[in-house]
Amino acid sequence: MTDAPKRSHGRKAIKLTAQPTDLMAPAPLAHVWTARVITLMPGTFPGILGESLTGKALREGRWQLETINLRDYGVGKHKNVDDTPAGGGAGMVLRPDVVGRALEDATEGTRGNWPILYMSPRGKRIDQEMARTLSACDGVTILCGRFEGVDERVLEHYGIQEVSLGDFVMTGGEIAAHALLDATVRLIPGVLGNAESIEEESFSNGRLEHGQYTRPAVWKGREIPEVLMSGHHGKVADWRKEESERITRERRPDLLE
């Protein structure tokens, strides 16, 4: 049996205990987009997600963050979560029985469209469309790997989608999970406050964003483009569109294809 999770500013930690459930503990907010993160390092959350606009939205209950400590599901005296890879080789692999129990607790009570993701360099690369899709879900469960990864049978059994931050390898999935959550949470209605800022930023329309300027009008001999100071909204819109296409053509021509 699990006790009521500890919550702080919208963050929740889940762990195993022999104590009965505390019926007086605050319950999770209903119908709020929720991220459940399975990790060996729950102390790294909310991290940067607890700052700025995402942190403000977390405290206001516009979204929820719950951490599940994988170590709590370990086996034996030392709460082992990993073992040597079958067939030999370097490193250690997260055990399927340990990860499975954590996943089943993490997914208990989930409703609607609630995908399970595993942060992995061999997964589909995170992009704006993925973040937009996830923000429209009811929530997401994220498994953060460590060591050589997780037993393949876990991914197959639970239908887990592997996602990647990029073509490089990190020591664990926590940093990638932070990046994915930041990109997703900011798209939840009400988090940023100004919906127009989302519509004009990079990748929102398949193009990179135009350059941005602010005061002073002249800095180190460089002036703000005259059209941006003209007050003519139509010309400003045309300039921004042209600049967006120029920058995309120079830096990411693949997006134009």
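For the structure itself, consult the block above.
Conventions adopted
Residues numbered from 1 in each chain as written. Predicted model: local features only at pLDDT ≥ 70, side-chain atom pairs only at ≥ 80, totals over all residues. Heavy atoms only, no water. Helix = DSSP H or I, 4+ residues; strand = E, 2+ residues; numbered from the N terminus. Buried < 20%, exposed > 50% of the residue type's maximum accessible area, 1.4 Å probe, protein only. Contact = heavy atoms within 4.5 Å. Areas by Shrake-Rupley, 256 points an atom, 1.4 Å probe, with all protein chains shown as cover. Arc of directions from axis to C-beta. Core = buried A, V, L, I, M, F, W, Y, C linked by side-chain atoms within 4.5 Å. Phe/Tyr/Trp six-rings, centres within 6.5 Å; stacked < 30°, edge-to-face > 60°. Salt bridge = Lys/Arg side-chain N within 4 Å of Asp/Glu carboxyl O. Right-handed = clockwise from strand over helix to strand, strands pointing away. Pairing = 2+ DSSP bridges. Patch = residues over 30% accessible without salt bridge, like charges linked within 9 Å, V, L, I, M, F, W, Y side chains within 5 Å.

**Student:** Help me out: how do you make sense of the overall build of the protein chain in this one?
**Tutor:** Scanning the protein chain from terminus to terminus reveals eight helices and 11 strands. Here the protein chain, with 257 residues, has 42% of them falling under the buried criterion. Taking the intrachain contacts of the protein chain between residues at least 6 apart in sequence as the baseline, contacts between residues at least 24 apart amount to 71%. If you sum the accessible surface of the protein chain, you get close to 15,100 Å²; carbon and sulfur atoms cover 51% of it.

**Student:** Would you mind showing me how to read helix α3 (residues 128–135) here?
**Tutor:** Because an α-helix packs 3.6 residues into every turn, residues spaced three or four apart end up facing the same way. Those residues of α3 that sit buried are Q128, M130, A131, L134 and S135. An end-on view of α3 places all buried positions within 160° of arc, on one side of the element. Contacts from the buried residues of α3 go to β3 (33–39), β7 (116–125), β9 (161–164) and α5 (174–185).

**Student:** Quick question: what am I supposed to make of the nonpolar core here?
**Tutor:** Soluble, globular proteins show a tendency: their nonpolar side chains are buried together. Core analysis: the biggest nonpolar cluster contains 26 residues, and W33, W63, L65, M119, I142, L180 and L181 have the highest contact counts within it. For this core, the secondary structure elements donating two or more residues are β3, α1 (52–59), β4 (63–69), β7, α3, β8 (139–144) and α5. Considering each element in turn, this core owes the most residues, five residues, to α5. Dropping the residues within four chain positions of it, W63 is found in contact with V32, W33, A35, L49, T54, A57, L58, V185 and I188.

**Student:** It is not clear to me how the packing of aromatic side chains should be interpreted in this structure. Could you clarify?
**Tutor:** The geometry of two aromatic rings is summed up by the distance between their centres and the angle between their planes. Going through the model one piece at a time under the given rule, you end up with two aromatic pairs. Plain terms: the ring middles of W33 and W63 are 6.5 Å apart, the flat faces sit at 55° to each other, and that makes the pair tilted. Here W33, found in strand β3, pairs with W63, found in strand β4; they are 30 residues apart in sequence, far enough to count as distant. W63 carries the same exposure label as W33, and that label is buried.

**Student:** Sorry if this is basic, but what is going on with the pattern of salt bridges here?
**Tutor:** For side chains bearing opposite charge, pairing can occur when the charged atoms are close. All chains considered together, the criterion is met by 14 salt bridges. With its nearest N and O atoms 3.9 Å apart, the salt bridge here joins R95 to D83. Of the two residues, R95 sits in the loop between β6 (93–94) and α2 (96–106) while D83 sits in strand β5 (residues 82–83), which places them 12 residues apart along the sequence. Take R95: its relative accessible area is 22%, and that puts it in the partly exposed class. Owing to a relative accessible area of 37%, D83 belongs among the partly exposed residues under this scheme. Linking D97 and R95 is a salt bridge whose minimum nitrogen-to-oxygen distance equals 2.7 Å. The exposure class assigned to D97 is partly exposed, which follows from its relative accessible area of 29%. A single network of salt bridges, built from pairs that share partners, joins K56, E60 and R62.

**Student:** Please clarify how the environment of V75 should be interpreted in this entry.
**Tutor:** Relative to the assigned elements, V75 resides in the loop between β4 and β5. In sequence terms V75 and V98 are 23 residues apart; their C-alpha atoms lie 7.3 Å from each other. Every residue in contact with V75, bar those within four places of it in the chain, is listed here: N80, R95, D97, V98 and R101.

**Student:** Can you walk me through the pairing of β3 in this structure?
**Tutor:** Most of β3 sits inside the fold, with seven of its seven residues counted as buried. In this view, the connection linking β3 to its parallel neighbour β4 by way of α1 has right-handed handedness. As paired strands, β3 and β8 are joined by five bridges and run parallel to one another. Note that in β8 the partner of I38 across the bridge is L143.

**Student:** Which parts of the structure should I look at to understand a nonpolar patch on the surface?
**Tutor:** Taken together, L165, F168, M170 and I175 make up a surface patch of nonpolar side chains, about 340 Å² in accessible area. Relative to the assigned elements, M170 resides in the loop between β9 and α5. Of the residues examined, M170 reaches a relative accessible area of 32% and is grouped as partly exposed.

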